[in-house]
Structure formats: C-alpha cells, structure tokens
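# Report on the structure
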Amino acid sequence: MIKLTRLWLAALSIVMLGGLGASISLAAETPDPTKIVVKDFMFMPTSLTVKAGSTVTWVNMDEEPHTVVSNTQMFRSGALDTKETFSFKFNEPGTYHFTCSIHPRMVGTIVVQ
Amino acid sequence: MSDDQSLVSRRNALKCMAYGGAGTLFALSGGVFTPIDLAMAAGDKQGAAKLGKPLFVQISDTHIGFNKEANPDVNGTLTQTIDIVNGMSAQPALIIHTGDITHLSKPAEFDLAQQLFTRLRTTEMHTVPGEHDSTDATVTEYFNRFGKASNNKGYYSFDHEGVHFVGLINVLQFKPGGLGTLGEEQLAWVAADLKGRSASTPIVVFAHMPLWSIYEPWGWGTGDADQLMSQLRRFGSVTVLNGHIHQIVQKVEGNMTFHTARSTSYPQPVAGVGSGPGPLKVPADQLASMLGITSVSVVKHPSALTLNDTALA
C-alpha cells in the first residue's frame, strides 16, 4: 500500500513537472506539490506550479531567518525562524514572484493555473 | 594538559572570543579615525589613553533573540561588550549601533535590547536599522523605539565635536535579486544635508549594510552607493561605517575610510565560503582561535594597517 501510494505520487509529480519545462529537475524524494523548502539561502523548488485555490506553504530549514515577500505586496510573511512556516492561498491564475526581504538575492515564482 | 589548564585556556579563549566580538572603538586623532580593538582598550589602558579621548564606540549586529548553536547567549556577549566599553578609562561621548539590534524584529527582542543598553555608562546612542530589524513592512517596531531622531524616515544627521555624522538606511526598498538601496529621496536629502558644509569638516557616515561592494552574490553591498560617494568625495576626512557582515573588512580610497564592524552575537563566514551568510557554527575553541587571528592581524596593530588589503572586493 505504501509502495503504491508512493508510486502514485511519483507518477503525479512527473505529470505535473512535465508541464513546467526544463528548469525543474526530478528530486530523489517525492516533493509535496504545495510546499517550498527554504534551505541554504534558496527557495526549493525555485518555481512551483499549483492549481487555483491551492495553499502554498513555505518552511524555513535554515538557521538564518528568511521572509517570503510578494513583489507586488500581495503577501508578506514576518521573519521566519528555523522550522517556522508561512502559508498563502492562491485563488487567481497567474504568475507570482516573491523574494526574501532579508536576502533579496533569494527569489522564487508561483505559477497558478 | 590537565583539566585545570584546559579550563583556564578555554576561559582565556572565551575571553578573547568575547573581546573579538566586542565591536570597534574609534578615536579621533588629528582628524584621522583609528580603529583599535576593545581588548586593547580594556587591557592596555596606557595604549588606549595615548590615542586620546574616544569620540564614539560602534556596536553592531547584537541580534537579540538569536538562540542558535553559534552563540546561545547573545545577551551575555552584549553585556560583556558593554562592560568593556564601561571599563574604558575615558568614556566615549556617543555609541553608534549600526543595526540588526534584534534578530527577528519582535517587540520583546527590541524591549530586551533596550533594557540591556541601559547598562551603558554612555547614554547617547544613535542607531540605524538592519534588515533583521525591519522584517515588518512598515518597520513599526524599530521606529516606535528608535525612530525619533529621523522622524521615522531612518536617515538623519547630527554634529558632535566638529564632526558631522550622517546615519542612513539601506535595508528598505530591496529590489528582488539586488543589493541594499538608499533610494532617490534619501540621496537627495544627503545632498541637501551636505551642501554648504566646509570640505574640512570630518564626516562620519553610518548604515547597516556595506556602502561599498564587498561580495555581491551575498548582497554585501549597496546598489546606488556610488551616488552617495560622489557627494562625499570632496571632504577631507570621510569615514564610512557598516555592520551586517559580522567581520572586519576595511579599505581606504582617497580621503575615505571604509570599515565594517564585527558583531557582538555570532560570526559569519568569509565571503563566498559556504551556502550563504548565516551564523558560522564551529567548535568554541576553533571559533576563538579564528576570531583571535582576526583580532591580531587586523585590530591589534592599527598603525600597521595600510588598508590595501581588500582581498574580498
């Protein structure tokens, strides 16, 4: 049963990633399709595609705090300490860029279909 | 090595570490700013006395609220720093804090920081915010406590003993993917502030992020700092102070001296080493010897500083 579930998730993620183009590589583990891990001063994945109505959750796994700030001020987390999370629900299709206001070199994109 | 010896050397190492993280003292000496180590100020009072009365002490990156392995006791190291300042034979007239007072911009962190600062014998403190102090969009928590001098703008100037001090904010208006930014409004204000001042007026400019490019991939610089420098270049003595990178890096360019201060909280890696500019976590004795080396080579021989050694630029 566990194997079947994993296979199903893997198949699902391959289908989803298939629509994203070449910028995303398949991870060894099946990623949560609505989760962005912040680690080593990067948003991973850098670009995430979700369906309208999805809630995306960012989790900071660095010892350094990070923030999640929309380029259009649509959403903004406070400072996320280690293991703290921030979630935002995307209702409208579109492309949403975000950055870490503490480390603006860190950038990412949510594509809502 | 016996346990006792081990304990003693560890204590000494920790003491050195505390001094190493203690900030930098600037003494005005004939219009030239001389950085000296606080360990030197505290341990060799005659040496420090020769430099004359200190004009101000720069404290930076206290990161109150940080509690990770790199330093689980940032309150303690700040208190040690303050005790060193308080123990100086001549008290500085001013304290300048170059930002990242807190770690997460939380009200309780600001409150605790303010409480710890009351221990300082020198009561006049001037601050600029770091990006850790301004993670709320409106910078409300910082401005509620430290915004009066700048009327909640973050930039302001004042004069002390013939020196003109300019505090700037470069941690807002981040462009995604970019460096720190001063912005047109602030740059216009600086131009107006400096206009008509004699070129012989010593100028001290302080901001949190480096006002010169130290390492752009980690954002260690300010994108529009060149416009500021072009306004400062006519002055005979300009000192530009920053924090942010938790280590000393200096350079001299004409009449302008650039200096980044150490943190009182935790060290950060040398530019480009590791995945990013996070807390540098190493065993305590390694940390101490590493900071000790930095202290000796950079700070204990200020007269030997030719300041051509900007290896990181």
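Quick summary incoming for the structure in this document. (Residues numbered from 1 in each chain as written. Chains lettered and ligands numbered in written order. Predicted model: local features only at pLDDT ≥ 70, side-chain atom pairs only at ≥ 80, totals over all residues.)

### Let's talk about the interface of chain B and chain A
Let me state the cut-off plainly: We call two residues in contact whenever the C-beta atoms placed from their backbones are within 7 Å. Only Asp, Glu, Lys and Arg are considered charged, only Ala, Val, Leu, Ile, Met, Phe, Trp, Tyr, Cys and Pro nonpolar, and every remaining residue, Gly among them, polar.
If you look at the interface, chain B gives 20 residues, while chain A gives 20 residues. Looking at the side of chain B that touches chain A residue by residue, the classes come out as 6 nonpolar, 10 polar and 4 charged.

### Here we look at helix α4 (residues 74-86) of chain B
Formally: Only DSSP runs of H or I reaching four residues or more are called helices, and only runs of E reaching two or more are called strands; each is numbered from the N terminus. Helix span, expected: 1.5 Å multiplied by one less than the number of residues in the helix. Any residue with 12 or fewer other C-beta atoms within 10 Å of its own C-beta is exposed, any with 20 or more is buried, and the rest are partly exposed; the C-beta atoms used are placed from the backbone.
Taking 1.5 Å per residue, 13 residues should reach 18 Å; α4(B) reaches 18 Å between its end C-alpha atoms and fits that length. Listing the buried residues of α4(B) in full gives Val74(B), Asn75(B), Thr77(B), Leu78(B), Gln80(B), Thr81(B), Ile82(B), Ile84(B) and Val85(B).

### A short note on the pairing of strand β4 (residues 94-97) of chain B
Look at any regular strand and the pattern is simple: side chains alternate between the two faces of the sheet. All names here are of chain B. Threshold: Two strands make a pair as long as DSSP finds a minimum of two bridges between them. With the strands aimed away from the viewer, a crossover counts as right-handed if its path from the first strand over the helix to the second runs clockwise.
What you see with β4 is no split at all: Leu94 and Ile96 on one side and Ile95 and His97 on the other are buried throughout. Here 3 bridges tie β4 to strand β5 (residues 125-127), and the two strands are oriented parallel to one another. Paired with Ile96 across the bridge in β5 is His126. Regarding topology, helix α5 (residues 107-117) serves as the crossover connection from β4 to the parallel β5, and that connection is right-handed.

### Observations regarding unusual backbone geometry
Here the residue pair Met44(A) and Pro45(A) is connected by a cis peptide bond, since its omega of 0° sits within 30 degrees of zero. Relative to the helices and strands, Pro45(A) resides in the loop between β2 (42-44) and β3 (47-50). Of note, the phi angle at His63(B) is positive, near 45°, even though the residue is not glycine. Structurally, His63(B) can be placed in the loop between β3 (54-59) and α4. Taking the C-beta count within 10 Å as the criterion, His63(B) has 30 such neighbours and is therefore assigned buried.

### Regarding the nonpolar core
All names here are of chain B. Basically, it comes down to this: The term nonpolar core refers to a group of buried residues, namely Ala, Val, Leu, Ile, Met, Phe, Trp, Tyr and Cys, whose C-beta atoms join them within 7 Å.
Counting 51 residues, the largest nonpolar core has Leu168, Val205, Phe206, Ala207 and Leu211 as the members making the most contacts within it. Looking at this core, the elements with two or more residues in it are β3, α4, β4, α5, β7 (163-167), β8 (203-206), α8 (225-232) and β9 (238-242). Considering every element that reaches this core, the biggest residue donor is α4, with 5 residues. With residues up to four places along the chain from it excluded, the contact list for Ala207 reads Val128, Leu168, Ile169, Asn170 and Asn242.

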